[in-house]
Amino acid sequence: MTGSVKKRVGVIGCGEISRAHLTGYTSLGRATVAALADTLPQAAEARADEFGVDRMYEDYREMLNGEDFDVLRNRRTYATTGFE
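To start, this report covers the structure provided alongside it. (Residues numbered from 1 in each chain as written. Predicted model: local features only at pLDDT ≥ 70, side-chain atom pairs only at ≥ 80, totals over all residues. Heavy atoms only, no water.)

**Brief notes about helix H2 (residues 41–51)**
Those residues of H2 lying buried are Ala43, Ala44, Arg47 and Ala48. Viewed end-on, H2 has its buried residues packed into an arc of 130 degrees, placing them on one side of the element. Among the exposed residues of H2, those oriented more than 90 degrees off its buried face are Gln42 and Asp49. If you follow the buried residues of H2, they end up packed against helix H1 (16–27), strand S2 (31–37) and strand S3 (55–57). Following H2 by one or two positions, Gly52 has its phi on the positive side, about 70 degrees. (Buried < 20%, exposed > 50% of the residue type's maximum accessible area, 1.4 Å probe, protein only. Helix = DSSP H or I, 4+ residues; strand = E, 2+ residues; numbered from the N terminus. Arc of directions from axis to C-beta. Contact = heavy atoms within 4.5 Å.)

**Looking at the sheet that holds strand S1 (residues 7–12)**
Across the sheet, four strands lie side by side as S3-S2-S1-S4; this open sheet has parallel pairing. Strand pairing shows two members of the sheet lacking a second neighbour, S3 and strand S4 (71–74), which therefore form its edges. Pairs of neighbouring strands in the sheet enclose a mean axial angle of 25 degrees, with direction left out of account. Its contacts with the sheet put H1 on S1, S2 and S4, and the angle it makes with S2 is roughly 150 degrees. (Pairing = 2+ DSSP bridges. Axes fitted to C-alpha atoms, helices over the stretch in contact; angles between N-to-C directions.)

**Details of the pattern of salt bridges**
Across all of its chains, the model carries seven salt bridges by this definition. Between Glu67 and Arg55 there is a salt bridge, and its shortest N-O distance comes to 2.6 Å. Within this pair, whereas Glu67 is found in the loop between helix H3 (60–66) and S4, its partner Arg55 is found in strand S3, the two being separated by 12 residues in sequence. A residue is classified by how much of its surface remains accessible, and Arg55, at 43% relative accessible area, is partly exposed. It is possible to trace a salt-bridge network through shared partners that takes in Glu16, Arg19, Arg47 and Glu50. (Salt bridge = Lys/Arg side-chain N within 4 Å of Asp/Glu carboxyl O.)

**Points about the nonpolar core**
A general trend in soluble globular proteins is that nonpolar side chains are found buried together. In terms of nonpolar packing, the biggest core is built from 11 residues, these being Val9, Val11, Cys14, Leu22, Ala31, Val33, Leu36, Ala43, Ala44, Ala48 and Val53. Of all the secondary structure elements, the ones that give two or more residues to this core are S1, S2 and H2. With residues near it in sequence (within four places) discarded, Ala48 still touches Leu36, Val53 and Met56. (Core = buried A, V, L, I, M, F, W, Y, C linked by side-chain atoms within 4.5 Å.)

Take a look at the structure:
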């Protein structure tokens, strides 16, 4: 992938299924996971440690206001995020 710019990915929700998504984003070398958000800080920390992510948020709204993404993956339900 010479000369290509990696896409910046943000992930909301760091439960078990997020491992598969993060592996997919990072395995091809086309994306970098820029930030993670989860209401359970230990979940975000575990995924951040596993995938080398420096930026973590407990509130996804802070993440959205503080970061720029090319791709945003929301792994939380409407009830837990309030997206409309």
